[in-house]
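Analysis of the macromolecular model
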Amino acid sequence: MRTQEIFLLLAGLLGVGLIASVGAVLLLQPSQPPTPVEVTVEFRIIGGSVGEGKALFGFGLENQKITSPGPTLKVKLGDTVRIVFTNVDEVTPHTLALVAEAKEGAEPIYQPTIGTPTKPIEIGKSGVLVFKVDRLEKFYYVCSVPGHTTLGMHGEIVVEG
Ligand SMILES: [Cu+2]
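Because the structure is a prediction, the values reported are computed rather than measured.

Things to note about the side chain of S49
In this structure, S49 sits in strand 1 (residues 41–50). Only 2.8 Å separates the side chain of S49 from the side chain of D89, close enough to count as a polar contact. Excluding anything up to four places from it in sequence, S49 contacts K54, L56, F57, I66 and D89.

A few points about the coordination of the copper ion
Donor atoms from the polypeptide that bind the copper ion are H94 (ND1), C143 (SG), H148 (ND1) and M153 (SD), placed at 2.0 to 2.8 Å. In this structure, the copper ion is surrounded by four donor atoms whose angles at the metal cover 80 to 136°, and the resulting shape is irregular.

Some words on the pattern of salt bridges
Under the counting rule described, the total for this entry stands at six salt bridges. One salt bridge connects E62 with R44, and the closest N-O pair in it is separated by 3.2 Å. One end of the pair, E62, is in the loop between strand 2 (56–61) and strand 3 (73–76); the other, R44, is in strand 1, with 18 residues separating them in the sequence. With its nearest N and O atoms 3.5 Å apart, the salt bridge here joins K138 to E156.

Notes on the nonpolar core
With 26 residues, the main nonpolar core has I45, I83, L96, L98 and F131 as its most contacted residues. Elements with a contribution of two residues or more to this core: strand 1, strand 2, strand 3, strand 4 (80–87), strand 6 (126–132), strand 7 (139–142) and strand 8 (154–160). When sequence neighbours within four positions are dropped, the list of residues in contact with I45 reads F59, G60, L61, L73, I83, V84, F85, T86, L96 and Y141.

Section: the pairing of strand 1
In terms of burial, strand 1 is a largely internal element, eight of the ten residues being buried. For strand 1 and strand 4, the ladder comprises seven bridges, and the chain directions are parallel. When the sheet's bridge partners are listed, R44 is paired in strand 4 with V84. The pairing of strand 1 with strand 2 spans six bridges and is classified as antiparallel.

Points about the packing of aromatic side chains
One pass over the structure, following the stated rule, counts five aromatic pairs. Where Y110 meets F131, the ring centres are 4.7 Å apart and the plane angle is 35°; that geometry is what we call tilted. Residue Y110 is located in the loop between strand 5 (97–99) and strand 6, and its partner F131 is located in strand 6; the two are separated by 21 residues in the primary sequence. Judged by its relative accessible area of 5%, F131 is buried. On the numbers, 5.1 Å between centres and 65° between planes, the contact of Y110 with F139 is edge-to-face. Remark: F139 occurs in strand 7 and Y110 occurs in the loop between strand 5 and strand 6; sequence separation between them is 29 residues.

Rules and cut-offs
Residues numbered from 1 in each chain as written. Predicted model: local features only at pLDDT ≥ 70, side-chain atom pairs only at ≥ 80, totals over all residues. Heavy atoms only, no water. Helix = DSSP H or I, 4+ residues; strand = E, 2+ residues; numbered from the N terminus. Polar contact = N/O pair within 3.5 Å; in protein donor to acceptor, adjacent residues only side chain to side chain. Contact = heavy atoms within 4.5 Å. Donors = N, O, S within 2.8 Å, 3.2 Å for Na, K, Ca; no water. Tetrahedral: all angles 85-135°; square planar, octahedral: opposite > 155°, others 65-115°. Salt bridge = Lys/Arg side-chain N within 4 Å of Asp/Glu carboxyl O. Core = buried A, V, L, I, M, F, W, Y, C linked by side-chain atoms within 4.5 Å. Buried < 20%, exposed > 50% of the residue type's maximum accessible area, 1.4 Å probe, protein only. Pairing = 2+ DSSP bridges. Phe/Tyr/Trp six-rings, centres within 6.5 Å; stacked < 30°, edge-to-face > 60°.

Have a look at this one:
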């Protein structure tokens, strides 16, 4: 092999190495961390059975009694709200969804929900949701498991300007 050929071979290898290095650096760039959301109000809510023979379902604030319907929550327009929901029921899975009306199958008003009818929060488990209040009208938190809103598992969220 002549000197010139060896030089070209080395130059070629160096080029390939350089391209591979640049590619590796680009691939290894950490993805941008999500912009931190500043939560302005938090509610810790429990859900479960209530009433005579535990025939109804309801919600309550953590360390308080469960009522049916649940307590009215107050938020302000522009609040970033975090809701932590814990299912304290001894038997039944539940969810917490934010909807436009306190009735079965109501339209969701904010996403996400804590659990769904097909994948509810099991007894003793918790879930979290965060949303930003971007409209003035009141809305509701309900359990979206079929039949549970009717059995009292709903509460109002009032929005103040
Ligand atoms: Cu429920």
